[in-house]
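Next come the chains, spelled out residue by residue.
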Amino acid sequence: MSRIAVVYWSGTGNTEAMAELVAEGARDAGAEADVIVCADFSTSALGDYDAFAFGCPAMGSEELESEEFEPMWDEVEPELPGRKVALFGSYDWADGEWMDLWRDRAEMAGITVAETVIAKDYPDEEASAACKSLGASLV
């Protein structure tokens, strides 16, 4: 059985809801999925999982959250090439450019990003289905 880590940071609960949906999709596809707040995740846990979904909302001017999420990402990013990785998150004001920037950053670090999902605010029906599909695709 595959084991998936769904690692996220959420300020308003929107990205947290997405994380739960990603995990639900992975579980429905037959995997074990752990939903983990980014402050509780580090490189020491990478060997425990077969695939990873990282979630962070857009912050500031289309950036990753800088106090908790980005330091965790900076730590694990060099260890992710060759692993199955997906990215997700919510946004409010802009157009979701932060996800394109994040994906580009990951790919420049040698990470193959399997899929990305974004949601404007709280995940609607379409975003919820996309999150579940993202989770299933990691199995």
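Bear in mind that the values here come from a model prediction, so they are computed numbers and not experimental data.

### Examining the packing of aromatic side chains
One pass over the full model with this rule turns up ten aromatic pairs. Ring centres of F41 and F52 lie 6.3 Å apart, and the angle between their planes is 65°; this geometry places the pair in the edge-to-face category. Here F41 is found in the loop between β2 (32–37) and β3 (51–55), whereas its partner F52 is found in strand β3, with eleven residues between them in sequence. Residues F41 and F52 agree in their burial class; the two are buried.

### A word on a negative patch on the surface
A cluster of like negative charges, contributed by D95, E97, D100 and D104, occupies part of the molecular surface. Looking at the secondary structure, you find E97 in helix α3 (residues 97–108). Among the residues examined, E97 registers a relative accessible area of 39% and is labelled partly exposed.

### Overview of the side chain of S128
Among the structural elements, S128 can be located in helix α4 (residues 125–137). Residue S128 is classed as buried on the basis of its relative accessible area of 17%.

### Re the packing of helix α1 (residues 14–28) against α4
Between two packed helices, the angle of one axis relative to the other and the distance separating the axes together describe the packing. Running from N to C, α1 and α4 point in directions that differ by 50°, and their axes come no closer than 6 Å. Compared by their axis directions, α1 and α4 come out oblique. Seen from above, α1 lies across α4 with right-handed handedness. Contact with α1, carried on its side by M18, L21, V22, E24, G25 and A26, involves S128, C131, K132, L134, G135 and A136 of α4 and no other residues of that element.

### Topic: the pattern of salt bridges
Inspection of the entire model under this criterion finds nine salt bridges. Between R3 and E32 there is a salt bridge whose closest N-O contact spans 3.3 Å. Remark: E32 occurs in strand β2 and R3 occurs in strand β1 (residues 3–8); sequence separation between them is 29 residues. Among the residues examined, E32 registers a relative accessible area of 37% and is labelled partly exposed. Salt bridges linked by common partners bring E70, D74, E77 and R105 together as one network.

### A few points about the sheet that holds β3
Spatial ordering of the open sheet is given by β2-β1-β3-β4-β5, a layout of five strands whose pairing is parallel. Of all the strands in the sheet, just β2 and β5 (113–120) have a single pairing partner and so form its edges. Shown here is a sheet whose adjacent strand axes are inclined to one another by a mean of 15°, direction ignored. Two elements, β1 and β3, share five bridges in a ladder whose sense is parallel. Each residue of the ladder has a partner; that of I4, found in β3, is A51. Against the sheet, helix α2 (residues 69–76) engages β1, β3 and β4 (84–91), with an angle of about 150° to β3.

Analysis parameters
- Residues numbered from 1 in each chain as written.
- Predicted model: local features only at pLDDT ≥ 70, side-chain atom pairs only at ≥ 80, totals over all residues.
- Heavy atoms only, no water.
- Phe/Tyr/Trp six-rings, centres within 6.5 Å; stacked < 30°, edge-to-face > 60°.
- Helix = DSSP H or I, 4+ residues; strand = E, 2+ residues; numbered from the N terminus.
- Buried < 20%, exposed > 50% of the residue type's maximum accessible area, 1.4 Å probe, protein only.
- Patch = residues over 30% accessible without salt bridge, like charges linked within 9 Å, V, L, I, M, F, W, Y side chains within 5 Å.
- Areas by Shrake-Rupley, 256 points an atom, 1.4 Å probe, with all protein chains shown as cover.
- Salt bridge = Lys/Arg side-chain N within 4 Å of Asp/Glu carboxyl O.
- Lys, Arg positive; Asp, Glu negative; His and termini not counted.
- Charge placed at Lys NZ, Arg CZ, Asp CG, Glu CD.
- Axes fitted to C-alpha atoms, helices over the stretch in contact; angles between N-to-C directions.
- Parallel < 35°, antiparallel > 145°, perpendicular 65-115°, else oblique.
- Left-handed = near helix turned anticlockwise from the far one by under 90°.
- Contact = heavy atoms within 4.5 Å.
- Pairing = 2+ DSSP bridges.

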